[in-house]
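In case you want the letters, here they are:
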Amino acid sequence: MAEHPFFLILVTSSLAGLLAGFVMHRSDFCVAAMFRDMFLFTDFFLLRMLVLLVVVSMLAFELGRLSGMLRPYPFPLLGAPSLASMIGGLVFGIGMVLAGGCVVGTLYKLGSGSVAGGVAFIGMIIGSALYAEWHPVWSVFAKATALTSAITLPQVLELSPNLLVLPLSAVGAYLLWQWHRQGKLTRPSYAAGHIAPWKAALILSLIGFISYLLVGMPLGITTSYAKLGALLESQVWPEHVAQLTFFKAQPLAYVAPFGSETLRGGPGPAFDAVGAIQYPLIVGIILGAFISAKLVGEFHLHYRIPRRQYVSALLGGVLLGMAARMVPGCNIWHLWGGVPILAGQSLLFLLGILPGTWIGSKLLTRFVIR
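Criteria and cut-off values
- Residues numbered from 1 in each chain as written.
- Predicted model: local features only at pLDDT ≥ 70, side-chain atom pairs only at ≥ 80, totals over all residues.
- Heavy atoms only, no water.
- Core = buried A, V, L, I, M, F, W, Y, C linked by side-chain atoms within 4.5 Å.
- Buried < 20%, exposed > 50% of the residue type's maximum accessible area, 1.4 Å probe, protein only.
- Helix = DSSP H or I, 4+ residues; strand = E, 2+ residues; numbered from the N terminus.
- Contact = heavy atoms within 4.5 Å.
- Polar contact = N/O pair within 3.5 Å; in protein donor to acceptor, adjacent residues only side chain to side chain.
- Pairing = 2+ DSSP bridges.
- Axes fitted to C-alpha atoms, helices over the stretch in contact; angles between N-to-C directions.
- Parallel < 35°, antiparallel > 145°, perpendicular 65-115°, else oblique.
- Left-handed = near helix turned anticlockwise from the far one by under 90°.
- Nonpolar A, V, L, I, M, F, W, Y, C, P; charged D, E, K, R; others polar.
- Patch = residues over 30% accessible without salt bridge, like charges linked within 9 Å, V, L, I, M, F, W, Y side chains within 5 Å.
- Areas by Shrake-Rupley, 256 points an atom, 1.4 Å probe, with all protein chains shown as cover.
- Salt bridge = Lys/Arg side-chain N within 4 Å of Asp/Glu carboxyl O.
- 1 Å grid on protein atoms, 1.4 Å probe; cavity = no way out; pocket = protein on both sides within 12 Å on 5 of 7 lines; lining within 4 Å.
- Points joined across faces, edges and corners; volume = space filled by probe spheres on them.
- Expected span 1.5 Å × (residues − 1).
- Phe/Tyr/Trp six-rings, centres within 6.5 Å; stacked < 30°, edge-to-face > 60°.
- Lys NZ or Arg CZ within 6 Å of the ring centre and 35° of its normal.

Observations concerning the nonpolar core
So, point 1. Grouped together as the largest cluster of nonpolar side chains are 103 residues, with contacts concentrated most on Phe29, Met34, Phe35, Phe92, Tyr254 and Trp336.
So, point 2. Of all the elements, helix α3 (residues 45-67) adds the most residues to this core, at 11 residues.
So, point 3. Beyond its immediate sequence surroundings of up to four residues, Tyr254 is in contact with Ile9, Pro72, Pro76, Val215, Gly216, Met217, Glu261, Thr262, Leu263 and Ile277.

Some details on the environment of Ser169
So, point 1. Within the secondary structure layout, Ser169 lies in helix α8 (residues 162-181).
So, point 2. Along the sequence, Ser169 and Thr12 sit 157 residues apart, while their C-alpha atoms lie 27 Å from each other.
So, point 3. There is a polar contact of 2.8 Å between the side chain of Ser169 and the backbone oxygen of Val165.

Side note on the pairing of strand β2 (residues 262-265)
So, point 1. Residues Leu263 and Gly265 line the buried face of β2, whereas the alternating positions Thr262 and Arg264 sit on a face that is not buried.
So, point 2. By the bridge criterion, four bridges tie strand β1 (residues 252-255) to β2 in an arrangement that is antiparallel. Residue Tyr254 lies in a different strand from β2, and its bridge partner there is Leu263.
So, point 3. Taking the residues between adjacent antiparallel strands as the criterion, β1 and β2 are bridged by six residues.

Notes on the packing of helix α2 (residues 31-40) against helix α16 (residues 344-368)
So, point 1. With their axes 9 Å apart at the nearest point, α2 and α16 run at an angle of 60 degrees to one another. When the axis of α2 is compared with that of α16, the two are oblique. In this structure, α2 meets α16 at a crossing whose hand is right-handed. Within the contact between the two elements, α2 uses Phe35, Arg36, Met38, Phe39 and Leu40 and α16 uses Leu350, Ile353, Leu354, Thr357, Trp358, Ser361, Leu364 and Thr365.
So, point 2. Partitioned by chemical class, the residues of the contact of α2 with α16 number nine nonpolar, three polar and one charged.

A short note on the side chain of Ser13
So, point 1. Mapped onto the elements, Ser13 comes out in helix α1 (residues 3-27).
So, point 2. If we ignore the near neighbours within four places in the chain, the residues touching Ser13 are Val215, Ala276, Ile277, Pro280 and Leu281.

Description of the packing of helix α6 (residues 115-144) against helix α14 (residues 307-326)
So, point 1. Between α6 and α14, whose axes approach to 6 Å, the crossing angle comes to 40 degrees. Our classification of the angle between α6 and α14 gives oblique. The crossing of α6 and α14 is right-handed.

Some thoughts on the environment of Leu10
So, point 1. For Leu10, the position within the fold is in helix α1.
So, point 2. Through-space distance from the C-alpha of Leu10 to that of Ala273 is 9.7 Å; in sequence the pair is 263 residues apart.
So, point 3. Ignoring any residue separated from it by four or fewer positions in sequence, one finds Leu10 in contact with Ala276 and Pro280.

Re a nonpolar patch on the surface
So, point 1. On the surface, a cluster of nonpolar side chains totalling about 650 Å² of accessible area is made up of Leu287, Phe290, Ile291, Leu295, Phe299, Leu301 and Tyr303.
So, point 2. With relative accessibility at 56%, the residue Leu301 sits in the exposed group.

Describing helix α15 (residues 331-338)
So, point 1. Counting buried residues along α15, eight of its eight residues qualify, which places the element largely inside the surrounding structure.
So, point 2. Among the residues of α15, those classed as buried are Asn331, Ile332, Trp333, His334, Leu335, Trp336, Gly337 and Gly338.

Describing the layout of surface pockets
So, point 1. The volume enclosed by the largest pocket comes to roughly 690 Å³.
So, point 2. If you trace the largest pocket, you find 31 residues lining it, with Leu77, Pro251, Arg325, Pro328 and Gln345 closest to the centre.

Focus: helix α4 (residues 83-99)
So, point 1. Taking 1.5 Å per residue as the helical rise, α4 with its 17 residues ought to reach 24 Å, and the 24 Å between its terminal C-alpha atoms agrees with that figure.
So, point 2. Counting buried positions along α4 yields 13 of 17 residues, so the element is predominantly enclosed.
So, point 3. Gly100 lies just past α4 and shows a positive phi near 85 degrees.

Observations concerning the pattern of salt bridges
So, point 1. In this structure the tally under the stated criterion is four salt bridges.
So, point 2. One salt bridge connects Arg36 with Asp37, and the closest N-O pair in it is separated by 3.3 Å.
So, point 3. Classification of Arg36 as partly exposed rests on a relative accessible area of 22%.
So, point 4. A salt bridge links Lys227 to Asp272; its shortest N-O distance comes to 3.1 Å. Here Lys227, found in helix α10 (residues 222-236), pairs with Asp272, found in the loop between β2 and α13 (273-295); they are 45 residues apart in sequence, far enough to count as distant.
So, point 5. In this structure Lys227 comes out as buried when scored by relative accessible area, which is 0%.
So, point 6. For Asp272, a relative accessible area of 10% translates into the label buried.

Some points on the packing of aromatic side chains
So, point 1. This structure, assessed with the given rule, holds 14 aromatic pairs.
So, point 2. Ring centres of Phe271 and Tyr279 lie 6.3 Å apart, and the angle between their planes is 15 degrees; on these two criteria the pair is classed as stacked.
So, point 3. Taken together, Tyr131, Trp134, Trp138, Phe141, Phe246 and Phe247 form an aromatic cluster joined through their ring pairs.
So, point 4. Looking at Arg48, its charged tip hangs above the ring of Trp179, at a distance of 5.7 Å from the centre.

Shown next as structure tokens:
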């Protein structure tokens, strides 16, 4: 592992996490709420922010590819699209509604003092570790239901990416312009230090681009949840962890943009390239939200909630942890990274997350917030 790229990765991920956590807290930029509000309140405002983020990222990634700035392309860890991706997305959608946030939303809420966010975080670690027990079976299913060996839709159609990405970006830009004219991209807010969600979407798309440029891939964190689970489990059951196939795998093997040696990593407990990329990002998001909350005097422990909400947060976290390994990948990895380059796995994840969020919303109103 080359020293300088390794240091660059640590710094980039740390700063990206700090800024993302700060911005997401100030704007309450929650992906779970984007889909949940659509089903609970027929409110599409936050979902428009996701469209803005995806369209801007789509255009930025394609221009970066055409200029030769972004490599490798497609970025590492994207796999072949299969039914496993869609089923994993469905489970993920249920989990993020019950958890009260996605894999990143729970982190910035934890950083601002949400105890339920911490419970969901613990649940995700548990769920990631549980997945390792049945990974061999799921891996066989994923391979058996693969739709193609190609990673992206342009590769499936044997087209240059710009022939699909640029027209789709233009359509997205037209929709955004119409929403802007109709006043559907802004809402009044009187909270101290509030960042408008549309500004947050632009900042987060820029963070994703910089991560791709300097690290070699957009934002993603959930493999490190599995690493944490393996590390904790190995303290009490080391022999069992050592013989699990999932924790032996090293799916990440790539050359960083400013490096020359192959960086490797996986979900096992050892500190490797995955840990160098994702651990600083996790810590940065929590710390960024903490700094934001302290600066506006909003930090305090939020723990006085009904017991059933803690149960929901834990169960949702477990489902998130398992689903992120089933896909594999989380919502920010696929929606902010894979969908903009039209990765098949990410598009199927999106198709799964829609009914999953609907089911999660029904469960939430029936059993949690009656």
